[in-house]
Amino acid sequence: MQTQAEYPSTPDERRAALLARYAKQAEEEETFRLEAAAIGISVGELAIAKGRAEAKGLTVQQAIAQIEEEREHRFWEMLLVRARLDAFYRDGAMQLDDFKPERLQKRIAAKNIAVRYLRSETTPWLFFAGPNGTGKTHLAVGIALDLLWKWGGRVEFWRASEIVQKVFDAMDGPGAMSPGKVMDHYRTVGLLVVDEFGKESHREAVLERLEDILNHRYERRAPTILTSNKTVDEIAGFSPSLASRLLDKSVVTVVDMAGLPDYRRQKTPGRTLNPTE
């Protein structure tokens, strides 16, 4: 037990002791801040690392490594969700390296085009055309995942019907975004993948809005990938102007995947998140 003599006896002494304690606390906080800055993490993360190290018998560096790995995992998880690619990543091996052409020349050619697209050696647009189950979506998702890792965002995957539904929902009532802002979002996103284009061809209102978005991207030569079970000639039946753009070889590479066997039988089990593999 402390005696009364150990405490400052006068107001000036008590004030000096209090200031000294504050100065020591500030010095310790500054030392902690500099330590965190030198390592490249936040003060909060350093505090968590030291607590984890003590609780689990780790070195501080080991605890920091765990925290950094968890932070990177959360970052890529966020990117996948924003790009709407998280389900593809987990439900099956959908990266480009997972695509197996199986000595089929059309499939080999299609994968080669996808690889060249990643190297910016092709046109800014790709149009994968062919029946269901030929691997169109796998190639489109594989490209999108690769560019998502490379760009750190600015990639989105949508089915054509979902894009139009977003626009219609904005038109139906007040929301976070007006119809114009929703349209602008799709017009300007870094890479837009539009899957199952042509399924809604019989609805004029749907087609009008899709054409508006795609025409804007065409004029800007914005990176765009379409998949469809319709050929360009079939698209010309309900959208001559868009079909004409798809035939512009300076902007669009048409990847014909008709006549290929069902690719879905080759699907492999899902995976855990590991963007560096």
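Please refer to the structure higher up on the page.
Everything quoted here is computed from the prediction, not taken from an experiment.

Thresholds applied
Residues numbered from 1 in each chain as written. Predicted model: local features only at pLDDT ≥ 70, side-chain atom pairs only at ≥ 80, totals over all residues. Heavy atoms only, no water. Helix = DSSP H or I, 4+ residues; strand = E, 2+ residues; numbered from the N terminus. Buried < 20%, exposed > 50% of the residue type's maximum accessible area, 1.4 Å probe, protein only. Contact = heavy atoms within 4.5 Å. Areas by Shrake-Rupley, 256 points an atom, 1.4 Å probe, with all protein chains shown as cover. Salt bridge = Lys/Arg side-chain N within 4 Å of Asp/Glu carboxyl O. Phe/Tyr/Trp six-rings, centres within 6.5 Å; stacked < 30°, edge-to-face > 60°. Lys NZ or Arg CZ within 6 Å of the ring centre and 35° of its normal. Core = buried A, V, L, I, M, F, W, Y, C linked by side-chain atoms within 4.5 Å. Pairing = 2+ DSSP bridges. Axes fitted to C-alpha atoms, helices over the stretch in contact; angles between N-to-C directions. Lys, Arg positive; Asp, Glu negative; His and termini not counted. Polar contact = N/O pair within 3.5 Å; in protein donor to acceptor, adjacent residues only side chain to side chain.

### Here we look at the overall build of the protein
- For the protein, the helix and strand inventory stands at eleven helices and five strands.
- The buried share of the protein, reckoned over its 277 residues, is 40%.
- Contacts spanning at least 24 positions in sequence make up 73% of the contacts within the protein whose residues lie at least 6 apart.
- Total accessible area on the protein is roughly 15700 Å²; 51% of this is exposed by carbon and sulfur atoms.

### Regarding the pattern of salt bridges
- Summed over all chains, the structure comprises eight salt bridges.
- A salt bridge links arginine 71 to glutamate 45, with the shortest nitrogen-to-oxygen separation between them at 2.9 Å. Of this pair, arginine 71 sits in helix α3 (residues 60-83) while glutamate 45 sits in helix α2 (residues 43-56), and the two are 26 residues apart along the sequence.
- When salt bridges with common partners are traced through the structure, they connect Arg84, Arg159, Glu162 and Glu196 into a single cluster.

### A closer look at the packing of aromatic side chains
- Counted by the stated rule, this structure contains six aromatic pairs.
- On the numbers, 4.8 Å between centres and 70° between planes, the contact of phenylalanine 88 with phenylalanine 157 is edge-to-face. Here phenylalanine 88, found in helix α4 (residues 86-91), pairs with phenylalanine 157, found in strand β2 (residues 155-159); they are 69 residues apart in sequence, far enough to count as distant. For the residue pair phenylalanine 88 and phenylalanine 157, the accessibility class agrees, reading buried in each case.
- Following the ring pairs from residue to residue traces out a cluster consisting of Phe75, Trp76, Tyr89 and Trp149.
- A cation over a ring is seen here: arginine 221 above tyrosine 218, with NZ or CZ 4.9 Å from the ring centre.

### Considering the nonpolar core
- Core analysis: the biggest nonpolar cluster contains 35 residues, and Leu85, Ile143 and Ile225 have the highest contact counts within it.
- The set of elements that each furnish at least two residues to this core consists of α3, α4, α5 (105-118), β1 (125-129), α6 (136-151), β2 and β3 (191-195).
- Here the element with the most residues in this core is α6; it accounts for nine residues.
- Those residues within four positions of isoleucine 143 in sequence are excluded, and the remaining contacts are Ala114, Tyr117, Leu118, Leu126, Phe128 and Ile225.
- Leu192, Val206, Leu214 and Val232 belong to the second largest nonpolar core, which has 32 residues in total.

### Examining the environment of methionine 171
- Locating methionine 171 in the fold gives a position in helix α7 (residues 160-172).
- Accessibility expressed as a relative area gives 43% for methionine 171, which makes it partly exposed.
- Linking methionine 171 and valine 182, residues eleven residues apart in sequence, is a C-alpha distance of 9.9 Å.
- In this structure methionine 171 touches Pro179 and Arg209, once residues within four positions along its chain are discounted.

### Some points on unusual backbone geometry
- With a phi angle near 55°, glutamate 102 is a residue other than glycine that sits in the positive phi range.
- Inspection of the secondary structure assignment puts glutamate 102 in the loop between α4 and α5.
- For glutamate 102, a relative accessible area of 51% corresponds to the exposed category.
- Phi at arginine 154 takes a positive value of approximately 65°, unusual for a residue other than glycine.
- Position of arginine 154 among the secondary structure elements: in the loop between α6 and β2.

### Focus on the sheet that holds strand β5 (residues 252-256)
- Here we have five strands laid out as an open sheet, ordered β2-β3-β4-β1-β5, and parallel in their pairing. Unpaired on one side and paired on the other, β2 and β5 mark the two borders of the sheet. For this sheet, the mean inter-axis angle between neighbouring strands, taken without regard to orientation, is 15°.
- In this sheet, strand β4 (residues 224-228) lies alongside β3 in parallel orientation, the contact comprising three bridges.

### Let's talk about the side chain of glutamate 156
- On the secondary structure map, glutamate 156 appears in strand β2.
- Salt bridges are absent for the buried glutamate 156, whose nearest opposite-charge side chain, arginine 84, sits at 6.2 Å.
- Among the polar contacts listed, one links the side chain of glutamate 156 to the side chain of histidine 185, at a separation of 2.7 Å.
- If we skip the residues at most four places from it in the chain, glutamate 156 touches Arg82, Ala83, His185, Tyr186, Val189, Leu191, Leu192 and Val193.

### With respect to the environment of valine 155
- Topologically, valine 155 is positioned in strand β2.
- With residues up to four places along the chain from it excluded, the contact list for valine 155 reads Ala83, Leu85, Ala144, Leu147, Leu148, Val189 and Leu191.

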